[in-house]
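Breakdown of the fold
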Amino acid sequence: MCLGMPGQIVAVEGSTALVEFTAGAAGTPGGGVRRKVALELVDEDVRVGDHVLVHVGFAIRRIAAEDLAETLAFFASLSGEEPAA
Amino acid sequence: MTAPIEFRDVARGRALQAQLDQLLAAHARPITLLHVCGSHEQAIARYGLRARFPANLRVQMGPGCPVCVTDAPEIDACVALAERGLRILTYGDMLRVPGQRSSLAAARARGARVEVIYSPTQAVEIARASAEPVVFFATGFETTAVATAAVLLAEPPPQLYVLAAHKWVPAAMDVVARSPDSEIEGYLAAGHAATITGYGLFESFVREHDKPVVVAGFEPLDILAGLVLLVERVIAGQAELCNAFPRCVSRDGNRRALAALWRVFALEDGEWRGIARVPGGELRLRPEFAAHDARLRFAAELQEGRREAPAASAGAAPCRCGSIMLGKLTPSDCALFGRECRPEAPVGACMVSTEGACRIWYENGERRLQELRT
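First, a word on what this report is: a plain description of the structure on this page. (Residues numbered from 1 in each chain as written. Chains lettered and ligands numbered in written order. Predicted model: local features only at pLDDT ≥ 70, side-chain atom pairs only at ≥ 80, totals over all residues.)

Each helix and strand in chain B was counted, giving 18 helices and 11 strands. Computed over C-alpha atoms, the radius of gyration of chain B comes to 21 Å, within 12% of the 21 Å expected from 2.2 N^0.38 for 374 residues, which places it in the range of a compact globule. The principal-axis extents of the C-alpha atoms in chain B amount to approximately 65 × 45 × 40 Å. Scored against the burial criterion, the 374 residues of chain B give a buried share of 56%. Long-range pairs, those at least 24 residues apart, make up 77% of the contacts in chain B between residues at least 6 apart in sequence. (Helix = DSSP H or I, 4+ residues; strand = E, 2+ residues; numbered from the N terminus. Rg over C-alpha atoms; globule rule 2.2 N^0.38 Å. Buried ≥ 20, exposed ≤ 12 C-beta atoms within 10 Å, placed from the backbone. Contact = placed C-beta atoms within 7 Å.)

So this is what it looks like as structure tokens:
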């Protein structure tokens, strides 16, 4: 039950979004499962194309693309690599 | 979406592993760390991370499985309502958890109406279409509790009753840290729960227990990076708080979700199965939601059910779930593991849920390093 899944918003209607979940290891876009997700708990405006973290049918966080890049650069710095541009 | 692939990138993972190797090679003693999330254990086992940990690094799973820590009397209470003909809605992984007397699955096999849902929004839809009361068995940690809160705040139909058994993980981390013979030197906190609560919540834990805490995500790189940060702090003797999951976790968390949580729930003491009575470890419905509180509406039925349940058998079972959830033992330390206790015939709750340490170890063929190398 405590499984959190990141997914991408493909449509928004009122306080509900249709979210596509990319398939686990393959991660192929377009090949995922689509589910209706409630937006009552997410603390930012979300739009089509945004990534969100979903728990039991509720989006709990918008995941910004710039944060993904920042995290990867941070991890690279831990192992002494030059941060990727 | 390319992000999951990048966070499973092999070259980046090897670089972080090399960093862990280097840190621990320069450290004479073994280091024991604890994570508190079934999803962390799943990733560690599934991606084979443990097999590549340095020999003097032990990473144990603590009380991070909501199914495992749901107390048997809570299961019995739900079974009692099911046996009295009420329609029960539950998350699927609660079905086979043994109570003192029965599981929900066994009650269903005897004819009780127990249905599986994956979101509280479905409970609302089902209740709205129903002429009779329906009971949603609301279990889980912070991430599922906020979802229960959201549906209770959105004017649910009067037929919806919530049997709340939500738990508050930070309180159980305190109990583990206070455990007298604990060898744990650092804690990997669960990134998804911290998405709700914020990492700032752990500041008092770090101060009080003088141990580092790192909030980490669930992809292999997230976990390896979290472990590097944690090991660095353990070796340096720095009780610090770090956030290794900044793409989801902020200092203050999701304020909208937290506001919903505290409007609906209040902290009380509660039993965590196999662990202890945890001060402030239980999220109970506030009196404002009494109209939807199954404990009040069906108090008489629950009272009857309690009379039917046998008294807890003291020390009869050699199941070691309690010690495993305190991070003192690993599943393979238990004599029942993989023998009498298997996923199809679980003895303890840790073998029932896909988030339980024993089930994860059994399904992934996980071993301790010492076992792998002998």
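The subject of this paragraph is the sheet that holds strand S2 (residues 57-61) of chain B. All names here are of chain B. Taken in spatial order, the 5 strands of this open sheet run S2-S1-S7-S8-S9, and their pairing is parallel. If you trace the sheet from one side to the other, it starts and ends with S2 and strand S9 (241-243), each paired once. Within the sheet, the average angular offset between the axes of one strand and its neighbour, ignoring direction, is 25°. Two elements, strand S7 (residues 184-190) and strand S8 (residues 213-216), share 4 bridges in a ladder whose sense is parallel. What sits directly across from Leu 188, in S8, is Val 214. (Pairing = 2+ DSSP bridges. Axes fitted to C-alpha atoms, helices over the stretch in contact; angles between N-to-C directions.)

In this section: the environment of Ser 204 of chain B. All names here are of chain B. As for its position among the elements, Ser 204 is in helix H11 (residues 203-209). Its 12 C-beta neighbours within 10 Å are what place Ser 204 among the exposed residues. Taking the C-alpha atoms as reference points, Ser 204 and Ala 26, separated by 178 residues in sequence, lie 30 Å from one another.

All names here are of chain B. Here helix H8 (residues 142-153) crosses helix H13 (residues 255-264) at 70°, and the two axes come no closer than 8 Å. Between H8 and H13, the angle falls in the class roughly perpendicular. Across from Ala 145, Val 146, Ala 149, Ala 150, Leu 152 and Leu 153 in H8, the residues of H13 making contact are Ala 257, Ala 260, Leu 261, Arg 263 and Val 264. Counted by class, the contact of H8 with H13 contains 10 nonpolar, no polar and 1 charged residues. (Parallel < 35°, antiparallel > 145°, perpendicular 65-115°, else oblique. Nonpolar A, V, L, I, M, F, W, Y, C, P; charged D, E, K, R; others polar.)

With 149 residues, the main nonpolar core has Ala 59 of chain A together with Val 135, Val 146 and Leu 163 of chain B as its most contacted residues. For this core, the element with the most residues is helix H12 (residues 220-236) of chain B, which contributes 10 residues. Sequence-distant contacts of Ala 59 of chain A, defined by excluding residues within four places in its chain, comprise Ala 17, Val 37, Leu 39, Leu 41, Val 42, Val 46, Val 52, Leu 53 and Val 54 of chain A. (Core = buried A, V, L, I, M, F, W, Y, C linked by C-beta atoms within 7 Å.)

So, about unusual backbone geometry. The backbone of Val 56 of chain A shows a phi angle near 35°, a positive value even though the residue is not glycine. Among the structural elements, Val 56 of chain A can be located in the loop between strand S4 (51-55) and strand S5 (58-63). The phi dihedral of Glu 155 of chain B falls on the positive side, at around 45°, and the residue is not glycine. By the element assignment, Glu 155 of chain B lies in the loop between H8 and strand S6 (160-167). Given 8 C-beta atoms within 10 Å, Glu 155 of chain B falls into the exposed group.

The topology assignment puts Glu 183 of chain B in the loop between helix H9 (169-178) and S7. Sequence-wise, Glu 183 of chain B and Ile 31 of chain B are 152 residues apart; in three dimensions their C-alpha atoms are separated by 8.4 Å.

Sheet strands pair by backbone hydrogen bonding; their relative direction is either parallel or antiparallel. All names here are of chain B. Strand order in this open sheet of 6 strands is S4-S3-S5-S6-S11-S10, and the pairing throughout is mixed. Each edge of the open sheet carries a strand with a single partner, namely strand S4 (114-117) and strand S10 (265-272). Strand-to-strand twist of the sheet, defined as the mean angle between neighbouring strand axes without regard to direction, takes the value 25°. Sheet topology note: the strand S3 (residues 87-91)/strand S5 (residues 134-140) ladder contains 4 bridges and is parallel. Residue Ile 88 lies in a different strand from S5, and its bridge partner there is Val 135. The strands touched by H8 within the sheet are S5, S6, S10 and strand S11 (276-285), with S6 carrying the most contacts at an inclination of about 155°. Most of the contacts of H9 go to S11, to which it runs at about 175°, and overall it touches S6, S10 and S11.

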